[in-house]
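In case you want the letters, here they are:
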Amino acid sequence: MRTWLVTGGAGFIGSWLVERLLAAGDSVRVLDDFSTGTPDNLPRHDGLRIIEGDICDTGLVASHMADCDGCFHLAAVASVVRSFEDWAETHRVNALGTVTVLEQALRAGIPVVAASSAAVYGIPTAVPQEEDAQVDPLSPYGLDKLAGERHAQLMAGHGLKACAMRFFNVYGPRQDPKSPYSGVISIFADRALQGGPLVIDGAGDQTRDFIYVTDVTAALVLAMRFLMQAGTGGRFEVFNVCGGTETSISTLAAAVIAATESPADIEYGPARTGDIPRSLGAPARAAARLGFRADTPLEQGLRSLAAAL
Ligand code: NAD
Ligand code: UD2
């Protein structure tokens, strides 16, 4: 049995990861400040310990890492929009918090699998986006995620084992639809269940690469296994965590209406300023090196989401 530290484990993706690790028979410590996450997302389980605290608290992070086998680092201010509204605080959590977690993992000699984002790429110069594509983040959020990756890469030269996982657009139960920073699928599903309308920003031909949350947690576990099996010395890898399928927002709206069997209408509003026209990840590297493949088709994921609401 192994023991894992999961920062941000009370959040949307973190709570699904915690469930997966507990189901595998491992022990889990969650470090979370409950700023967007909640203990209500987590099960009652003998193998789970929940610590309320800030990832920038060096002593706290160090003390809980001391006897862990590895760390999954998911805690973040996880919103592009909020990163503009609350620039310095986002930077504190996403940059300083990440460096704190990485540095303490380096000192403890444990591997880290950290959440990064497709936001590091900025506007794609070509799709599908491979990990070696140009990075040019357009937001403080994306910039701090990129900085976290670079710190991990630098620390690998000093012995850290780390993977940065560039999540594309993740969806599934427990993603809060009420927040102004919510992802489009949780907003559309909520609107569909309220009877509509679903409001598409712009023409609806913009595309995204959606990935269901349990596919993401599968990738995280495979990345940790990869690091545990790596030889001695430092190691840094970056992986897209994506489905490799492009879906337009109009197609998505129709699919959400079908999955929820809703009578809701679709309306069109103004395009979002700075919206990215296409986003599609290349899944080949994670497939080749981690054996990862996202295997939840959009229709199936949307049905699971609808059933959970
Ligand atoms: P979330 O907001 O549900 O989870 C983040 C968690 O971190 C929350 O539980 C929050 O309370 C906690 N947290 C925030 N600041 C903290 C701090 N200072 N100390 C301790 N805990 C803190 O968001 P999520 O969607 O589950 O995102 C998880 C990770 O995945 C984040 O790193 C995010 O940037 C990344 N990500 C998410 C998506 C997506 O589509 N959801 C896409 C790309 C990357
Ligand atoms: C951002 C981040 C991504 C991830 C995600 C979290 C970038 C490049 N990407 O992606 O990494 O953090 O946020 O959710 O910064 N839309 C509508 N109607 C709505 C809501 C959204 O049409 O009611 C459109 C929106 O204009 C956009 C698409 O849906 O074209 C996706 O929007 P999103 O906010 O879910 O995510 P996105 O791609 O901005």
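Residues numbered from 1 in each chain as written. Chains lettered and ligands numbered in written order. Predicted model: local features only at pLDDT ≥ 70, side-chain atom pairs only at ≥ 80, totals over all residues. Heavy atoms only, no water.

Now for the domain arrangement of the protein chain. As far as domains go, the protein chain holds domain 1 (3-168 + 211-241) and domain 2 (171-208 + 244-280 + 296-308). If you average the C-alpha positions of domain 1 and of domain 2, the two centres end up 26 Å apart. Residue-level contacts link 21 residues of domain 1 with 14 residues of domain 2. Summed over both partners, the interface of domain 1 with domain 2 comes to about 1600 Å²; 59% of that surface belongs to carbon and sulfur atoms. (Domains from an automatic or database assignment. Contact = heavy atoms within 4.5 Å. Buried area = accessible area lost by both parts, 1.4 Å probe.)

Strand order in the open sheet made by the seven strands is β3-β2-β1-β4-β5-β6-β11, with parallel pairing throughout. Each edge of the open sheet carries a strand with a single partner, namely β3 (48-52) and β11 (235-241). The average angle at which neighbouring strand axes cross in this sheet is 20°, direction not considered. Inspection of the sheet shows strand β1 (residues 3-7) paired to strand β2 (residues 27-32) by five bridges, in the parallel sense. When the bridges of β2 are listed, tryptophan 4 appears paired with valine 28. Sheet strands in contact with helix α4 (residues 87-108) are β1, β4 (70-73) and β5 (112-117), and its direction is about 170° off that of β4. (Pairing = 2+ DSSP bridges. Helix = DSSP H or I, 4+ residues; strand = E, 2+ residues; numbered from the N terminus. Axes fitted to C-alpha atoms, helices over the stretch in contact; angles between N-to-C directions.)

A few words now on the site of ligand 2. Surveying the vicinity of ligand 2 reveals 18 residues, the closest of which are Ser117, Val184, Asp201, Arg208 and Asp275. Valine 184 places a polar main-chain atom, nitrogen or oxygen, 2.7 Å from an oxygen atom of ligand 2. At a separation of 2.4 Å, an oxygen atom of ligand 2 approaches a polar side-chain atom of arginine 208. Contact with the protein chains covers 85% of the free accessible surface of ligand 2, which is 740 Å². (Near = heavy atom within 4 Å. Polar contact = N/O pair within 3.5 Å; in protein donor to acceptor, adjacent residues only side chain to side chain. Areas by Shrake-Rupley, 256 points an atom, 1.4 Å probe, with all protein chains shown as cover.)

A word on unusual backbone geometry. Of note, the amide linkage connecting valine 127 to proline 128 takes the cis form, showing an omega dihedral of -5°. Relative to the assigned elements, proline 128 resides in the loop between β5 and α5 (140-156). With omega at -5°, the peptide bond leading from glycine 196 into proline 197 counts as cis. Along the chain, proline 197 falls in the loop between α6 (184-193) and β8 (198-201). The residue phenylalanine 34 is not glycine, and still its phi comes out positive at about 60°.

Counting 57 residues, the largest nonpolar core has Phe72, Met165, Phe167, Leu220, Leu252, Leu290 and Phe292 as its most contacted members. Ranked by residues supplied to this core, first place goes to helix α7 (residues 213-229) with ten residues. Counting contributing residues, this core receives three or more from each of domain 1 (3-168 + 211-241) and domain 2 (171-208 + 244-280 + 296-308). Sequence-distant contacts of phenylalanine 72, that is, excluding residues within four places in its chain, are made with Trp4, Leu5, Val6, Thr7, Leu17, Leu21, Val113, Leu220, Val221 and Met224. Of all hydrophobic cores here, the second largest spans 26 residues; its members include Leu31, Cys68, Met155 and Ala156. (Core = buried A, V, L, I, M, F, W, Y, C linked by side-chain atoms within 4.5 Å. Buried < 20%, exposed > 50% of the residue type's maximum accessible area, 1.4 Å probe, protein only.)

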